[in-house]
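Listed below, chain by chain, are the residues.
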Amino acid sequence: MPKISRRLQGLQAKVEDKDYHPLEALALLKDTATAKFTEAAEAHIRLGIDPKYTDQQLRTTVALPKGTGQIVRVAVIARGEKVNEASNAGADIVGSEELIDEIQKGRMDFDKLIATPDVMPQVAKLGKLLGPRGLMPSPKGGTVTFDLAGAIAEFKAGKLEFRADRTGIVHVMFGKSTFSPEDLLVNLKALQETIDRNRPSGAKGRYWRTFYVSATMGPSIKIDVTALRDLKLSEAG
């Protein structure tokens, strides 16, 4: 068993073994974010799905209304006039075949990679490099598109791509511990609604199993999923 630090033991003592009301849980998340850096607010959600079946997979995007609190560096691979369009729309890195070559040689100084559909046959050869890092462009993730200006703006404003891992658990960063509990709640509500809206067709029985939030270095706090799903956004701020 890994040794639990005295700091984490002290923080765990603040968390009761119960389902917390969402706003109470998020206030506690902030209270237990005591690391020397700004911690992320993370959600860890176990769903009643088995992603080894194609009709039980979850991969989608969520637009966080209050943003992620992060600066997102966007790279775009395109051709011709689309290269200038991406540059003018605020992409940090733009290129065509030469950018594909640079990525093959190890260039990875970006957080999101967007590609136009016409270059995807060339981008496909980067799959082994980009796939494990979650950077491979995909139509489902909104990163294969001709609407470069729209995609760049959305990802810079707080749009995140996420998927359920092979055990049916979703891990998503939904803000920073410096956000107010109310702003974190608005983002968390958007995440919950997105997961409900994209329920896989093959998901049978109870969809929501467990829902925990935590700061990066903090203890897990269990959320009352029913209370979150019943919450109206006017209440969430």
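Residues numbered from 1 in each chain as written. Predicted model: local features only at pLDDT ≥ 70, side-chain atom pairs only at ≥ 80, totals over all residues. Heavy atoms only, no water.

Undergrad: Explain the overall build of the protein chain to me, using residue names and the numbers behind them.
TA: Along the protein chain, the regular secondary structure elements total ten helices and nine strands. In terms of overall dimensions, the protein chain is globule-like: its C-alpha atoms have a radius of gyration of 19 Å, near the 18 Å expected for 237 residues. Projected onto the principal axes, the alpha-carbon positions of the protein chain cover approximately 55 × 45 × 45 Å. The buried share of the protein chain, taken over its 237 residues, is 46%. A fraction of 72% describes how many contacts in the protein chain between residues 6 or more apart in sequence connect residues 24 or more apart. Surface accessibility of the protein chain: about 12100 Å² in total, with carbon and sulfur atoms responsible for 50%. One way to put it: in the protein chain the 35 positive side-chain charges average out to a point 5 Å from where the 30 negative ones average out. (Helix = DSSP H or I, 4+ residues; strand = E, 2+ residues; numbered from the N terminus. Rg over C-alpha atoms; globule rule 2.2 N^0.38 Å. Buried < 20%, exposed > 50% of the residue type's maximum accessible area, 1.4 Å probe, protein only. Contact = heavy atoms within 4.5 Å. Areas by Shrake-Rupley, 256 points an atom, 1.4 Å probe, with all protein chains shown as cover. Lys, Arg positive; Asp, Glu negative; His and termini not counted. Charge placed at Lys NZ, Arg CZ, Asp CG, Glu CD.)

Undergrad: An account of the packing of helix H3 (residues 81-88) against helix H7 (residues 148-157) is requested, with residue identities and associated values reported.
TA: Direction vectors running N to C along H3 and H7 enclose 30°, while the axes themselves pass 9 Å from each other. Classified by the angle between their axes, H3 and H7 sit roughly parallel to one another. Two packed elements cross with a definite hand, and for H3 against H7 that hand is right-handed. Residues Lys-82, Glu-85 and Ala-86 of H3 touch H7, and the partners they reach there are Leu-148, Ala-149 and Ile-152. Its residues assigned to classes, the contact of H3 with H7 shows four nonpolar, no polar and two charged. (Axes fitted to C-alpha atoms, helices over the stretch in contact; angles between N-to-C directions. Parallel < 35°, antiparallel > 145°, perpendicular 65-115°, else oblique. Left-handed = near helix turned anticlockwise from the far one by under 90°. Nonpolar A, V, L, I, M, F, W, Y, C, P; charged D, E, K, R; others polar.)

Undergrad: Before we move on, can you summarise the sheet that holds strand S5 (residues 112-115) with the specific residues and values?
TA: Reading across from one edge, S4-S3-S5 is the order of the three strands in this open sheet, with parallel pairing throughout. Across the chains shown, the open sheet's two edge strands, defined by having one partner strand only, are strand S4 (93-95) and S5. This sheet shows a mean twist of 15° between the axes of neighbouring strands, independent of strand direction. Of the strand pairs in this sheet, strand S3 (residues 74-77) and S4 are connected by three bridges, and their pairing is parallel. Along S4, the bridge assignment pairs Ala-75 with Ile-93. (Pairing = 2+ DSSP bridges.)

Undergrad: Lay out the pattern of salt bridges in plain terms, naming residues and giving numbers.
TA: In the structure shown here, the tally under the stated rule is 16 salt bridges. In this structure, Glu-97 engages Arg-79 in a salt bridge whose closest nitrogen and oxygen atoms are separated by 3.2 Å. Of the two residues, Glu-97 is situated in helix H4 (residues 97-104) and Arg-79 in the loop between S3 and H3; the sequence distance between them amounts to 18 residues. For Glu-97, a relative accessible area of 35% gives the class partly exposed. On the basis of relative accessible area, Arg-79 is assigned to the partly exposed category, the value being 31%. Among the charged side chains, a salt-bridge network with shared partners connects Arg-73, Glu-102, Arg-107 and Asp-109. (Salt bridge = Lys/Arg side-chain N within 4 Å of Asp/Glu carboxyl O.)

Undergrad: An account of helix H8 (residues 181-197) is requested, with residue identities and associated values reported.
TA: Because each turn of an α-helix spans 3.6 residues, side chains separated by three or four positions in sequence point in the same direction. The terminal C-alpha atoms of H8 lie 24 Å apart, and with 17 residues this matches the ideal 24 Å at 1.5 Å per residue to within 8%. Buried within H8 we find Pro-181, Leu-184, Leu-185, Val-186, Asn-187, Leu-188, Lys-189, Ala-190, Leu-191, Gln-192, Thr-194 and Ile-195. (Expected span 1.5 Å × (residues − 1).)

Undergrad: Pulling in residues and values, what's your account of the sheet that holds strand S9 (residues 221-222)?
TA: Reading across the sheet, the four strands line up as S7-S1-S8-S9 and stay open at both edges, with antiparallel pairing between neighbours. Each edge of the sheet is formed by a strand with only one pairing partner; in this case those strands are strand S7 (169-176) and S9. With seven bridges connecting them, strand S1 (residues 40-47) and S7 associate as antiparallel partners. Bridge assignment links Glu-42 to a residue of S7, and that residue is Met-173.

Undergrad: Describe the packing of aromatic side chains, and please don't skip the residues or the numbers.
TA: Taken as a whole, this structure holds two aromatic pairs when the rule is applied. Ring centres of Tyr-207 and Trp-208 lie 5.9 Å apart, and the angle between their planes is 70°; on these two criteria the pair is classed as edge-to-face. By relative accessible area, which is 3% here, Tyr-207 ends up buried. Ring centres of Trp-208 and Phe-211 lie 5.7 Å apart, and the angle between their planes is 10°; on these two criteria the pair is classed as stacked. Here the two residues Trp-208 and Phe-211 agree in accessibility, since each one is buried. (Phe/Tyr/Trp six-rings, centres within 6.5 Å; stacked < 30°, edge-to-face > 60°.)

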